[in-house]
Amino acid sequence: MAGQQRRPGPVSGAGWALVVIGALTVLAGLFLSSIGIDSSTVVVAMILVLTIGAGNILAGVLVLRLRPLGRTLGFVFAGLGFVGGLAQLSGRPGSAIITLMADGFILWALATNREAFLPQR
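Values in this document were obtained by computation on a predicted structure and should not be read as measured data.

Parameters at a glance
Residues numbered from 1 in each chain as written. Predicted model: local features only at pLDDT ≥ 70, side-chain atom pairs only at ≥ 80, totals over all residues. Heavy atoms only, no water. Phe/Tyr/Trp six-rings, centres within 6.5 Å; stacked < 30°, edge-to-face > 60°. Helix = DSSP H or I, 4+ residues; strand = E, 2+ residues; numbered from the N terminus. Buried < 20%, exposed > 50% of the residue type's maximum accessible area, 1.4 Å probe, protein only. Axes fitted to C-alpha atoms, helices over the stretch in contact; angles between N-to-C directions. Parallel < 35°, antiparallel > 145°, perpendicular 65-115°, else oblique. Left-handed = near helix turned anticlockwise from the far one by under 90°. Contact = heavy atoms within 4.5 Å. Nonpolar A, V, L, I, M, F, W, Y, C, P; charged D, E, K, R; others polar.

S.K.: An account of the packing of aromatic side chains is requested, with residue identities and associated values reported.
M.R.: For any two aromatic rings, the description comes down to two numbers: the centre-to-centre distance and the angle of the planes. Going through the model one piece at a time under the given rule, you end up with one aromatic pair. Aromatic side chains Phe105 and Trp108 sit 5.9 Å apart centroid to centroid with 40° between the ring planes, which places their arrangement in the tilted category. One end of the pair, Phe105, and the other, Trp108, are both in helix α4 (residues 93-112), three residues apart, so they sit about a helical turn from each other. Phe105 sits in the partly exposed class, given a relative accessible area of 31%. You can call Trp108 partly exposed: its relative accessible area is 46%.

Right, dumping it as structure tokens:
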């Protein structure tokens, strides 16, 4: 179709990865709410985790729609995840490596496909 932009495969993968990571993060936040500890620290952690999860989902949806804001948010949330993966390396290297690989892929896909987010001429 004329005027419709085609989404590169790596961008689709990055968008769906952001959505899946966000959904899993939201589930983790909901789990925090169900453990039954009435502590302000747990409530703050739950709100933070739910916000990060929702941000990942929003970034993923916007990336799939090829919106420039989605690319920016994708960089922000994948960057935060990558830093979190680095912080986990000494304690839980298995999950840290998976986190680093997923967020590294997202960063790579968004960085190397900038033209996909430019307005169609």
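S.K.: So what's going on with the packing of helix α3 (residues 68-88) against α4? Which residues, and what values?
M.R.: For any two helices packed against each other, one specifies the crossing angle of their axes together with the interaxial distance. At their nearest, the axes of α3 and α4 sit 8 Å apart, and the two run at 155° to each other. In this view, α3 runs roughly antiparallel relative to α4, as classed from their interaxial angle. The interaxial crossing formed by α3 with α4 has left-handed handedness. Between α3 and α4, the contacting residues are Arg71, Gly74, Phe75, Ala78, Gly79, Gly81, Phe82, Gly85, Leu86 and Gln88 on the first element and Pro93, Ser95, Ala96, Thr99, Leu100, Asp103, Gly104, Ile106, Leu107, Leu110 and Ala111 on the second. Split by residue class, the contact of α3 with α4 holds 11 nonpolar, eight polar and two charged.

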